[in-house]
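This is what each chain is made of:
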Amino acid sequence: MTQPMLEAETLSVAYGRVEAVRGVSLTVAPGRLVTVLGANGAGKTTLLNALMGVLPARGRILFEGRDLTRLPIEARVAQGLSLIPERRELFATMSVEDNLKLGAFRFRHTARGKDGGGDLGEMYRLFPRLAERRRQQAGTLSGGERQMLAMARALMGRPRLLMLDEPSLGLAPLIVAEVMRMVARLRDEGVAILLVEQNARAALQIADHGYVLDGGSVVLQGDSRTLQGDARVVETYLGSLSVDEALPGRTASGR
Amino acid sequence: MDATILLLLLQDGVVNGAIYALIALSLVLVFTVTRVILIPQGEFVAYGALTLASLEAGTLPGTVPLLLGLGGLAFLADCAEARHSLDGRTLLRLGLRDLVLPALVAAAAWILAPMKPGLLIEILVTLAIVTPMGGFLYAVAFRPLAHASVLVLLIASVGVHLALTGLGLVFFGAEGSRTPPLSEASFPAGPLLVSGQSLWMIGLTLAIIVALWLFFSRTLLGKALIATAVNRLGARLMGIAPSLAGRLSVSVAAFIGALSGVLIAPLTTVYYDTGFLIGLKGFVAAIIAGLASYPAAAAAAILVGIIESIASFEASAFKEVIVFMAIIPVLLWRSLRSAPIEDEE
């Protein structure tokens, strides 16, 4: 493995006296898609929030060798980290286009921020539904469109590491497959990805590497193919459905 | 009361209401972005008026040392805030903003004041002195509390108001000041005589409203302020720091406050503590608009101005009471109409 892009060392997050994440260590290599699996309440969302700086954490977070542990969210965004949270956190009363433009806020002092149009056109090409609804308020979009907008808005910031929290939550299976294809494609374009999913089957299909969280600790980790074959993972998270049924239109992982 | 008197009162009410509208807009802006109810907005008004009056008299305004002092405090607060990523470039940027900029403004005021350069230049110097105070105050008093509840922020806001009123007394003394009008002209309009000053007031209010609208609808920075108001976490995830948004919004409020002070200075004698009452009337209008809607706040401010002018004619002893009582039916109506909502803190 090459030099890791993101490195978390013994990360712990506590809500009052309850530790939601306990001593988790995790690495993401450049251009890799890493997934974090686990049941509800296993600490997945808390872990992502700690990595992004939404929640304070003990331990150490290194991004390309720089220590981010005490930096606020905005400083991490400036380094190239991006998080699409579970609740999307769109600007509901603003137009789709304004949401996208704000995604490029960190470039406002650079040439790219001033025209910004290049990326905007690219997003509309990638997500044609958003182009149709560019003047509409973000709050009026359907669930799938909101997820598309959240992804496009994050991509406007040209992240080098994109973290997604449950992108499949509340979406129809066909749209889940489309979202997953988009995530895999981003990885193929060189964006490192940390994907938190309850839909373990869909996530393992596209991931290179996986961690399994339980009770706030990593109980299992490995190559995604190994995890797919692991008896404990199959039993707890994958059930008996075959892979092709859960993720239509996609054959085995390309990597 | 006959029709002519009513027209006169309406005219008076609309002109005063224009000032309340400016204040109400600032309060809505600052509250939606930072959740701070900016009680010291009235002090910006008083500082604007008094600064212009002392420039008019050819003396160095008391707000100049205050600006330098606040800049120094803000520099310390900024360094403390950025302590985890403090490098040479950041230090330089903070120093330019908090120390060099106020020093330049102070130097300009020091050179220009004895020259009595004319009303326009004096107004520009006044705005240059008061506007940066907004950002400095935000950095010193409000940013360290950014995660506190609305109530704690309100208490801090009252504290800032009391401190600024006291400093106003120290730097300007207890005497009131008045400035010459922006325009001596007056125009007959039916039974009324419309003064150039009142046209300036209404015209500048409209100009500020249009400028704010353009700022929010056309510029990325303006949209970033709305985004912070709409979804604070979402905005932070886009790299929009709440402190940037807060600083900008309070600076805009200080600018609008100083301009309001410049506009009322010819109409009434302004004392160091005059701003509070003016600010409070803007606050009534902002509350009527639920501290959320700009157009509603501006309309409510005109209404407050009209209520005030009619009340001062019909029952002048009770005019303030009547104005502030206007808030009660609105609050009742609002609390009956809206279901109780969970505090989203």
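Up top is the structure these notes are about.
What comes next is a walk through the structure. Keep in mind that this is a model prediction, so the values were computed, not measured. (Residues numbered from 1 in each chain as written. Chains lettered and ligands numbered in written order. Predicted model: local features only at pLDDT ≥ 70, side-chain atom pairs only at ≥ 80, totals over all residues. Heavy atoms only, no water.)

**A few points about the overall build of chain B**
Stage number 1. A count of helices and strands for chain B gives 14 helices and 2 strands.
Stage number 2. Its C-alpha radius of gyration of 20 Å places chain B within 12% of the 20 Å reference for a compact globule of 345 residues.
Stage number 3. Taken over the C-alpha atoms alone, chain B extends approximately 70 × 60 × 35 Å along its principal axes.
Stage number 4. Looking at chain B as a whole, 50% of its 345 residues are labelled buried.
Stage number 5. Summarising the internal contacts of chain B: among those between residues at least 6 apart in sequence, 78% fall at separations of at least 24.
Stage number 6. A total of about 15200 Å² of accessible surface is found on chain B, and carbon and sulfur atoms cover 72% of it.
Stage number 7. Each charge class in chain B can be summarised by its mean position, and for the 17 positive and 19 negative side chains these summaries are 11 Å apart. (Helix = DSSP H or I, 4+ residues; strand = E, 2+ residues; numbered from the N terminus. Rg over C-alpha atoms; globule rule 2.2 N^0.38 Å. Buried < 20%, exposed > 50% of the residue type's maximum accessible area, 1.4 Å probe, protein only. Contact = heavy atoms within 4.5 Å. Areas by Shrake-Rupley, 256 points an atom, 1.4 Å probe, with all protein chains shown as cover. Lys, Arg positive; Asp, Glu negative; His and termini not counted. Charge placed at Lys NZ, Arg CZ, Asp CG, Glu CD.)

**Concerning the pattern of salt bridges**
Once their charged atoms are close, side chains differing in charge can pair, the charge on each being opposite to the other.
Residues and elements named next belong to chain A.
Stage number 1. Per the counting criterion, the structure on display carries 27 salt bridges over all chains.
Stage number 2. Between Glu-64 and Arg-160 there is a salt bridge; the shortest N-O distance is 3.0 Å. On the criterion of sequence distance, the pair formed by Glu-64 in the loop between β4 (58-63) and β5 (66-67) and Arg-160 in the loop between α7 (143-156) and β7 (161-165) is long-range, its members being 96 residues apart.
Stage number 3. Judged by its relative accessible area of 32%, Glu-64 is partly exposed. (Salt bridge = Lys/Arg side-chain N within 4 Å of Asp/Glu carboxyl O.)

**Here we look at the environment of Leu-112 of chain B**
Residues and elements named next belong to chain B.
Stage number 1. By the secondary structure assignment, Leu-112 is in helix α4 (residues 88-112).
Stage number 2. When its relative accessible area of 24% is taken as the criterion, Leu-112 is described as partly exposed.
Stage number 3. Residues Leu-112 and Leu-60 lie 52 residues apart in sequence; the distance between their C-alpha atoms is 8.9 Å.
Stage number 4. Those residues in contact with Leu-112 that lie beyond four places of it in its chain are Pro-117, Ile-121 and Val-125.

**Topic: the side chain of Gln-11 of chain B**
Residues and elements named next belong to chain B.
Stage number 1. Secondary-structure assignment places Gln-11 in helix α1 (residues 3-34).
Stage number 2. Its relative accessible area of 19% is what places Gln-11 among the buried residues.
Stage number 3. If we ignore the near neighbours within four places in the chain, the residues touching Gln-11 are Leu-192, Leu-193, Val-194 and Ser-198.

**Concerning the sheet that holds β4 of chain A**
Residue and element names in this part refer to chain A.
Stage number 1. Reading across from one edge, β2-β1-β4-β5 is the order of the 4 strands in this open sheet, with antiparallel pairing throughout. The strands lining the two open edges of the sheet, one partner per strand, are β2 (18-28) and β5.
Stage number 2. With 7 bridges joining them, strand β1 (residues 6-15) and β2 adopt antiparallel strand pairing. Paired with Ala-8 across the bridge in β2 is Leu-26.
Stage number 3. Together, β1, β2 and β4 form the strand contacts of helix α1 (residues 44-52), whose direction differs from that of β1 by roughly 115 degrees. (Pairing = 2+ DSSP bridges. Axes fitted to C-alpha atoms, helices over the stretch in contact; angles between N-to-C directions.)

**Overview of the sheet that holds strand β3 (residues 33-37) of chain A**
Think of a sheet as strands paired side by side through backbone hydrogen bonds, with each pair either parallel or antiparallel.
All names here are of chain A.
Stage number 1. With mixed pairing, the 6 strands of this open sheet are ordered in space as β6-β7-β8-β3-β9-β10. Edge positions in the sheet fall to β6 (81-84) and β10 (217-223), since each has one partner strand and no second. Taking each pair of neighbouring strands and ignoring which way they run, the sheet shows an average axis angle of 15 degrees.
Stage number 2. Direction of pairing for strand β9 (residues 209-214) relative to β10: antiparallel, over a ladder of 6 bridges. Pairing of Asp-214 across the sheet is with Ser-217, part of β10.
Stage number 3. Contacts from α7 reach β6 and β7 within the one sheet, and its direction differs from that of β6 by about 170 degrees.

**Comments concerning the packing of aromatic side chains**
Stage number 1. For the structure shown, the criterion picks out 3 aromatic pairs over all chains.
Stage number 2. Ring plane angle 45 degrees and centroid distance 6.2 Å describe the contact between Tyr-47 of chain B and Phe-172 of chain B, whose orientation is recorded as tilted. Taken together, the residues span a long stretch of sequence, with Tyr-47 of chain B in helix α2 (residues 41-56) and Phe-172 of chain B in helix α6 (residues 150-172) at a distance of 125 residues. We note that Tyr-47 of chain B, like Phe-172 of chain B, is buried.
Stage number 3. Seen from their ring centres, Phe-215 of chain B and Phe-216 of chain B are 5.4 Å apart, and the 50 degrees between their planes marks the pair as tilted.
Stage number 4. For Phe-216 of chain B, a relative accessible area of 10% puts it in the buried group.
Stage number 5. Of the aromatic side chains, those joined through ring pairs into one cluster are Phe-215, Phe-216 and Tyr-294 of chain B.
Stage number 6. Arg-153 of chain A extends its terminal NZ or CZ atom over the ring of Phe-91 of chain A, reaching a point 4.8 Å from the ring centre. (Phe/Tyr/Trp six-rings, centres within 6.5 Å; stacked < 30°, edge-to-face > 60°. Lys NZ or Arg CZ within 6 Å of the ring centre and 35° of its normal.)

**Let's talk about the nonpolar core**
Stage number 1. Grouped together as the largest cluster of nonpolar side chains are 86 residues, with contacts concentrated most on Leu-38, Ile-129, Met-133 and Phe-142 of chain B.
Stage number 2. The element contributing the most residues to this core is α1 of chain B, with 13 residues.
Stage number 3. Excluding its chain neighbours within four sequence positions, the residues that come into contact with Phe-142 of chain B are Val-36, Leu-38, Leu-137, Leu-153, Ala-156, Ser-157 and Val-160 of chain B.
Stage number 4. Of all hydrophobic cores here, the second largest spans 48 residues; its members include Leu-90, Val-96, Leu-149 and Leu-238 of chain A. (Core = buried A, V, L, I, M, F, W, Y, C linked by side-chain atoms within 4.5 Å.)

**Section: α4 of chain B**
Residues and elements named next belong to chain B.
Stage number 1. Counted at 1.5 Å a residue, the expected span for α4 with its 25 residues is 36 Å, and the 34 Å between its end C-alpha atoms agrees.
Stage number 2. If you look at α4, its biggest bend is around 40 degrees, right at Leu-96.
Stage number 3. Taken together, the buried positions of α4 are Thr-90, Leu-94, Gly-95, Asp-98, Pro-102, Val-105, Ala-106 and Ala-109.
Stage number 4. Tucked inside the fold, the buried residues of α4 contact α3 (63-81), α5 (119-142) and α10 (242-264). (Expected span 1.5 Å × (residues − 1). Bend = angle between axes of the 7 residues up to and from the residue.)

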